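Single-letter residue listing:
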Amino acid sequence: MRSRKMLLPAALGFGLAATLAAAPVSAAATPTSSAETIAAYTGSSAEKANNKAFFEAVMKSALAKQAANPGAAAVTVVYNASGAPSFASEIARSASIWNSSVSNVKLEQGSAADFEYREGNDPRGSYASTDMHGHGYIFLDYAQNQQYDSTRVTAHETGHVLGLPDHYEGPCSELMSGGGPGTSCTNAYPNAQESSRVDALWANGLAGVGAFDKAAFLKD
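Computed from a prediction, not measured in an experiment: that's the story for all the values here. (Residues numbered from 1 in each chain as written. Predicted model: local features only at pLDDT ≥ 70, side-chain atom pairs only at ≥ 80, totals over all residues. Heavy atoms only, no water.)

### A few points about the overall build of the protein chain
As a reminder of what qualifies: Per the convention used, a helix needs a DSSP run of H or I reaching at least four residues, while a strand needs a run of E reaching at least two, with both numbered from the N terminus. Partly exposed residues are those whose accessible area sits between 20% and 50% of the maximum for their type, while under 20% is buried and over 50% is exposed, using a 1.4 Å probe and protein chains only. By the convention used here, residues are in contact when the closest approach between their heavy atoms is within 4.5 Å. Using the Shrake-Rupley algorithm and a 1.4 Å probe, accessible areas are obtained, with residue cover drawn only from the displayed protein chains.
When its secondary structure is counted, the protein chain shows six helices and seven strands. Residue burial in the protein chain is summarised as follows: out of 220 residues, 51% are buried. Put simply, 68% of the contacts in the protein chain that link residues at least 6 apart link residues at least 24 apart. Put simply, the protein chain shows about 9900 Å² of open surface, and 55% of that area lies on carbon and sulfur atoms.

Rendered as structure tokens:
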């Protein structure tokens, strides 16, 4: 669902944006098949802040539910993929990749979602966005997903949900390097360092909040 609150500027989480003809963002839009011009992109401090805020909003939502079951071995983050039907297989594959790569947090599709996926056309490409009040979504852009490996794009954006920042200068073996290595890169798996970082962020349920004050973090 779209919050009525003002969203932060969307982060171009995959690192490269397609320059599109003007088109409304809509889940009902038809994927474009026209050739698009790719513009090099470098992340800004505002986009880094947005990705961090997205992770914190998701963690807050997930941990609020986790508090009712503190003995669970892993925190469960619930997502809603109904807003991105064209990418159902890529979303499921990305969740499976992450669930096989980390131990302290698990992605699960279901109701009472902590975040959702959407699809459509957007000149900014694919990104993660939040209003910092527990409402967040991953937007998957049609053109970008035609030019880059779609599972890599989806897994990369999902990495922001789990707390990882962009690192465009990294190699193809690094999932969060996004579009930096170019369209030939099809790796959709996090490397060992990325997996370890996610496990550290989500370690031991509420203990994973780390530097955050738990009471304040879980407070509305």
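From this point on, the discussion continues.
### Thoughts on the packing of aromatic side chains
Filter applied, for reference: Paired rings are identified among Phe, Tyr and Trp, the last through its six-membered ring, by centres lying within 6.5 Å, and are further divided according to the angle between planes into stacked (under 30 degrees), edge-to-face (over 60) and tilted (the rest). Counting as a charge over the ring demands two things of the Lys NZ or Arg CZ atom: a distance within 6 Å of the ring centre and an angle within 35 degrees of the ring normal.
Scanning the entire structure with this criterion turns up seven aromatic pairs. Aromatic pair Tyr127 and Phe139: ring centres 5.3 Å apart, planes at 15°, arrangement stacked. Residue Tyr127 is located in strand β6 (residues 127-130), and its partner Phe139 is located in strand β7 (residues 136-141); the two are separated by 12 residues in the primary sequence. Both residues of the pair, Tyr127 and Phe139, count as buried. Directly above the aromatic system of Tyr137 lies the positively charged group of Arg118, at a separation of 3.9 Å from the ring centroid.

### Observations regarding the packing of helix α2 (residues 88-101) against helix α4 (residues 150-161)
Our working definition: Here an axis means a line fitted to C-alpha atoms, over the contact stretch when the element is a helix, while the angle between two N-to-C directions is reported on a 0 to 180 degree scale. In this scheme, roughly parallel covers angles under 35 degrees and roughly antiparallel covers those over 145, while 65 to 115 is roughly perpendicular and the rest are oblique. Crossings are sorted by hand: turned counterclockwise from the far helix by less than a right angle, the near helix makes the crossing left-handed, and turned clockwise it makes it right-handed.
In contact at an axis separation of 9 Å, α2 and α4 are set at 55° when each is read in the N-to-C sense. Relative to α4, the element α2 lies oblique. Note on packing geometry: the crossing formed by α2 with α4 is right-handed. Residues Glu90, Ile91, Arg93, Ser94, Ile97 and Trp98 of α2 pack against Ser150, Thr151, Thr154, Ala155, Thr158 and Gly159 of α4.

### Things to note about the state of the cysteines
Selection rule: Defined by distance alone, a disulfide is two cysteine sulfur atoms within 2.5 Å.
All chains considered together, the criterion is met by one disulfide. Paired by a disulfide, Cys172 and Cys185 hold their sulfur atoms 2.0 Å apart. Across the S-S bond of Cys172 and Cys185 the torsion is about 90°, and the bridge reads as right-handed. Of this pair, Cys172 sits in the loop between α4 and α5 (192-201) while Cys185 sits in the loop between α4 and α5, and the two are 13 residues apart along the sequence. The class for Cys172 is partly exposed, based on a relative accessible area of 27%.

### Examining unusual backbone geometry
Positive phi values are uncommon outside glycine, yet Ala112 reaches one of about 50°. When you line up the elements, Ala112 lands in the loop between β4 (105-109) and β5 (115-120). For Ala112, a relative accessible area of 59% gives the class exposed.

Keep in mind these numbers describe shape, not what the thing actually does.
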